[in-house]
Amino acid sequence: MSKYITCEPEEELSKNPIPSFQNIYHIRRKSKVKNWLWGSLFLLFLVMFLPWTQNIRATGLITTLRQEQRPQQLNSVIGGKVEKWWVKEGDFVKKGDTILQLGEVKVEYFDPALLERTGLQITAKESAGTGYENKAQTATQQVSALEEGRTLKLSQIDIKLRQQQLKVESDSMDLNAVLNELNVAKRQIDAAKAMLDSGVIALVDFERRKITFQNATAKRIGAENKLLQSKQELTALRIEKNAVVQEYADKIAKARGDQYSAISDKASNDAEVAKLKNAYANYDMRNKLYFVTAPQSGQITKARKAGIGEILKEGDMIVEIVPDKIQYAVEMFVSPMDMPLLSRGQKIRFVFDGFPAIVFSGWPSSSYGTFGGVVAAIENSVSLNGKFRVLVTEDPNEKAWPTQLRIGGGANGIALLKDVTVGYELWRNINGFPPEYYQPVNAEKGKGK
């Protein structure tokens, strides 16, 4: 056995002239794996210091920022039956274009001359109102005439009263004069009686003085009667005055009653005229509502009624109109964890469904096919899906959004946060820390304004 082992294996292999043997067994060759390993580690170390934009992702749908630009239902204001369709689904209409013609279904509106007859009723009522107004004016004039006549009549009676008062005073003065004369005659008859008893005067003189006394007594009775008669006439004048006042008060009250009655009838008539005018306006407006027109320009979609003669109730949907002039926005839903990281004016990058894109979330400048947006509004209350709704509009400083966008399309949003290094971002994700919170400069300026 020893004769076969005459030399060392290494020497034997080095001296072997077979090329395949040398290619298979890499003996005495130097490996470059170590260099590649150190180079990769160095390159990875450099990558750790590259800038990285922190971001949060959220999905959303394309919508509009303004309510009137969103798809809206066109509802029937009145009930009716379909008479004629003027458009079909997919047609584009302008504001004021006729969409549907309705027919009447309520019995109280079947009369074709309803407006004309209502107008005649209004004319008749207005004529009646004119009559009531004239009656009220006549009653007013009658009241004025009665008040003037009462004034004149009372003035006349007052003059008579004054005259009668003067007459009473005159009769009273006459009575006083007669009483004085009677007193003198009484003294004379008493003196004459004493003188007659003494025999100083004759009986004839006594009789003459007695006659004078009797005449004075008769004058007294006449003067008293005249005074009482004058006072009675004064009282009668006062009663007459009260009667005149009462009479004219009754006449004026009756005239005023007629005046107020006419005014009340005029007011009631005016109320009926207003009611009829209201009904006329409603009838006229209802006639105009038979033709349903487009409230704004857009495309007709989702026609709910099809055939002629179908009945529409009040408030039923007829069609849906998608406006043609739309300011697009994206409706995003952000989780409560990420909501504090967003603020108005913050930049958002979008990838719209149907538009190819190559996205490097940490390097937005290197991404392709993304579009810029700005946060316009953040709702303060959580939605039914447990997330917060955020509206994002088109960024005017970025390239315009595609014109092929449609409401309801999907969008993937990337909210750009703070710029950090790749190493810090890896360390943050490994430890589960949230992204850096900050307020954008634009948002701060907006709040200041």
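Please refer to the structure higher up on the page.
What counts, and where the lines are drawn
Residues numbered from 1 in each chain as written. Predicted model: local features only at pLDDT ≥ 70, side-chain atom pairs only at ≥ 80, totals over all residues. Heavy atoms only, no water. Helix = DSSP H or I, 4+ residues; strand = E, 2+ residues; numbered from the N terminus. Expected span 1.5 Å × (residues − 1). 1 Å grid on protein atoms, 1.4 Å probe; cavity = no way out; pocket = protein on both sides within 12 Å on 5 of 7 lines; lining within 4 Å. Points joined across faces, edges and corners; volume = space filled by probe spheres on them. Nonpolar A, V, L, I, M, F, W, Y, C, P; charged D, E, K, R; others polar. Core = buried A, V, L, I, M, F, W, Y, C linked by side-chain atoms within 4.5 Å. Buried < 20%, exposed > 50% of the residue type's maximum accessible area, 1.4 Å probe, protein only. Pairing = 2+ DSSP bridges. Axes fitted to C-alpha atoms, helices over the stretch in contact; angles between N-to-C directions. Contact = heavy atoms within 4.5 Å. Salt bridge = Lys/Arg side-chain N within 4 Å of Asp/Glu carboxyl O.

Can you walk me through helix α4 (residues 114-198) in this structure?
Quick reminder: α-helices carry 3.6 residues per turn. Residues three or four places apart thus point the same way. Compared with an ideal rise of 1.5 Å per residue, which puts 85 residues at 126 Å, α4 spans 123 Å between its outermost C-alpha atoms and is within 8% of the ideal. Looking one or two residues past α4, Gly199 carries a phi angle of roughly 80 degrees, positive in sign.

What should I look at first to understand the layout of surface pockets in this one?
Over the atoms rolls a probe the size of a water molecule, and in doing so it shows where empty space is left. Space inside the largest pocket adds up to approximately 280 Å³. In terms of lining residues, the largest pocket is bounded by Pro71, Phe92, Gly298, Gln299, Thr301, Val322, Pro323, Asp324, Ile326, Tyr328, Arg406 and Ile407. Listed by contribution, the elements that provide at least two residues to the lining of the largest pocket are β7 (298-301) and β9 (317-323). The greatest single-element share of the lining of the largest pocket, amounting to three residues, is contributed by β7. Looking at the lining of the largest pocket residue by residue, the classes come out as seven nonpolar, three polar and two charged.

Could you clarify how one ought to interpret the nonpolar core in this entry?
For soluble globular proteins, nonpolar side chains are generally found buried alongside one another. Counting residues in each nonpolar core, the largest one holds 21 residues, and the members touching the most others are Met332, Phe350, Phe352 and Trp401. Ranked by residue count, the leading element in this core is strand β10 (residues 328-334), at four residues. Counting residues in each nonpolar core, the second largest holds 17 residues, with Val87, Val93, Leu100 and Tyr290 among its members.

I would appreciate a short explanation of the sheet that holds strand β11 (residues 347-352) in the present structure.
Hydrogen bonds along the backbone pair up the strands of a sheet, which may run parallel or antiparallel. Taken together, the six strands give a closed barrel; going around it, the order is β1-β10-β13-β12-β11-β14, and neighbouring strands pair in antiparallel fashion. If you compare each strand with its neighbour and ignore which way they point, the axes differ by 45 degrees on average. Here strand β12 (residues 371-382) pairs with strand β13 (residues 388-394) via six bridges, running antiparallel. Bridging from a neighbouring strand, Val382 pairs with Phe388 of β13. Strands in contact with helix α6 (residues 422-431) are β1 (51-64) and β14 (410-421); relative to β14, the strand with the most contacts, it is inclined by about 110 degrees.

Please explain the side chain of Gln69 as it appears in this structure.
Along the chain, Gln69 turns up in the loop between β1 and β2 (72-75). What makes Gln69 buried here is its relative accessible area of 15%. The contact partners of Gln69, leaving out residues within four places of it in the chain, are Thr64, Pro323, Lys325, Ile326, Gln327 and Ile407.

Hey, could you run me through the pattern of salt bridges in this one?
Think of it this way: side chains of opposite charge can pair up when their charged atoms draw near. Under the criterion given, the structure shown has 23 salt bridges. Here the salt bridges do not stand alone but share partners, grouping Glu331, Glu379 and Arg389 into one network.

None of this, on its own, says anything about what the molecule does.
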